[in-house]
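Spelled out from the first residue to the last, the chains are:
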Amino acid sequence: MDTLTERPWDLPNGASYSCCILSYARGHTHLEIEISNGDNTKYLIFEGVEYFSIPNVWKGADFMVAPQNECLKIIHWLQRYTDIPDEYLASKFRLFVLASFVPESSLPQVAILAQSAGLSDQKSDYALSKE
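This structure is a prediction, so every number in the text was calculated from the model and none was measured.

A. Here's a closer look at the overall build of the chain. A tally of helices and strands in the chain yields three helices and nine strands. When the helices and strands of the chain are read in sequence order from the N terminus, they spell out β-β-β-β-β-β-α-α-β-β-β-α. Among the 131 residues that make up the chain, the fraction classed as buried is 40%. Considering only contacts in the chain between residues 6 or more positions apart, those separated by 24 or more positions represent 63%. A total of about 7,600 Å² of accessible surface is found on the chain, and carbon and sulfur atoms cover 46% of it.

B. Inspection of the nonpolar core at higher detail. Counting residues in hydrophobic clusters, the biggest one holds 20 residues, and the most contacted among them are Ile 33, Ile 35, Phe 46, Trp 58, Phe 63 and Ile 112. For this core, the secondary structure elements donating two or more residues are strand S2 (30-36), strand S3 (41-47), strand S6 (63-65), strand S7 (94-98) and strand S8 (111-114). With three residues, S2 is the largest single contributor of residues to this core. Look past the residues within four positions of Trp 58 in its chain and what remains in contact with it is Tyr 17, Ser 18, Cys 19, Ile 33, Phe 63, Leu 98 and Val 110. Membership of the second largest hydrophobic core comes to twelve residues, among which are Ala 66, Leu 72, Leu 89 and Phe 93.

C. View of the pairing of S8. The two faces of S8 match: Ala 111 and Leu 113 on one face and Ile 112 and Ala 114 on the other face are all buried. Note that strand S4 (residues 51-53) and S8 share three bridges and pair antiparallel. Within the sheet, the bridge partner assigned to Phe 52 lies in S8 and is Ile 112. The pairing of S7 with S8 spans four bridges and is antiparallel. Residue pairing in the sheet places Leu 95 in a bridge with Leu 113 of S8.

D. Spatial organisation of the environment of Ala 61. Tracing the backbone through its elements, the reader meets Ala 61 in the loop between strand S5 (57-59) and S6. You can call Ala 61 buried: its relative accessible area is 2%. Once the C-alpha coordinates of Ala 61 and Ala 15 are considered, the two residues, 46 residues apart in sequence, prove to be 5.4 Å apart. In contact with Ala 61, not counting residues within four places along its chain, are Trp 9, Leu 11, Gly 14, Ala 15, Tyr 17, Cys 19, Ile 35 and Leu 98.

E. Region of the structure containing the sheet that holds S3. Read across the open sheet, the five strands follow the order S5-S1-S2-S3-S9; overall the sheet is antiparallel. In this open sheet, the two edge strands, each paired with only one partner strand, are S5 and strand S9 (116-120). Shown here is a sheet whose adjacent strand axes are inclined to one another by a mean of 25°, direction ignored. Where strand S1 (residues 18-25) and S5 come together, three bridges link them in antiparallel fashion. Looking at the pairing, Cys 20 lines up with Val 57 of S5.

F. Examining the pairing of S7 more closely. Where burial is concerned, most of S7 is hidden: four out of the five residues are buried. Across three bridges, the pairing between S6 and S7 is antiparallel. Bridged to Val 65 within S7 is Phe 96.

Analysis parameters
Residues numbered from 1 in each chain as written. Predicted model: local features only at pLDDT ≥ 70, side-chain atom pairs only at ≥ 80, totals over all residues. Heavy atoms only, no water. Helix = DSSP H or I, 4+ residues; strand = E, 2+ residues; numbered from the N terminus. Buried < 20%, exposed > 50% of the residue type's maximum accessible area, 1.4 Å probe, protein only. Contact = heavy atoms within 4.5 Å. Areas by Shrake-Rupley, 256 points an atom, 1.4 Å probe, with all protein chains shown as cover. Core = buried A, V, L, I, M, F, W, Y, C linked by side-chain atoms within 4.5 Å. Pairing = 2+ DSSP bridges. Axes fitted to C-alpha atoms, helices over the stretch in contact; angles between N-to-C directions.

No statement about biological role is implied by the geometric values presented.
In C-alpha cells:
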C-alpha cells in the first residue's frame, strides 16, 4: 500500500479526540461525527457517503486520505459503479481512514468513502434540524 500522506484538515493532536456518530442520513448520504478532547468540540461532516465502517464511539480523529488504489478497492467491492471508469471514480471519491489504518487487517478499522469531508466548529444545519 502507498503511504498515507494527505491530511484532509488541520487538527492538532487528532489522536486525543473522542469521536461519536452524531447523525447519518442515508437518503442524503450525509454523515456527521462529533469529536471532543475535553476542552474542544468539533464536527466532521462527510457528504456523498457511499460506505463507512465505524463503531458508534471510538478514540482518535487523526484522519488521512488513503491512496486511490485503496479507495478503488472499496468502490469495486460495492459493485455499484461497474460501468464508470476508475479514473473518474478516483477523481470523485476519497477514502478517509485513521492514520493507524492497516489494509486487509482482521481488526475493525475506521474507514469512510465519501465525495467530500470537512471540519467545523458548529453542527451542520442537518444535525440541528434533527435535535
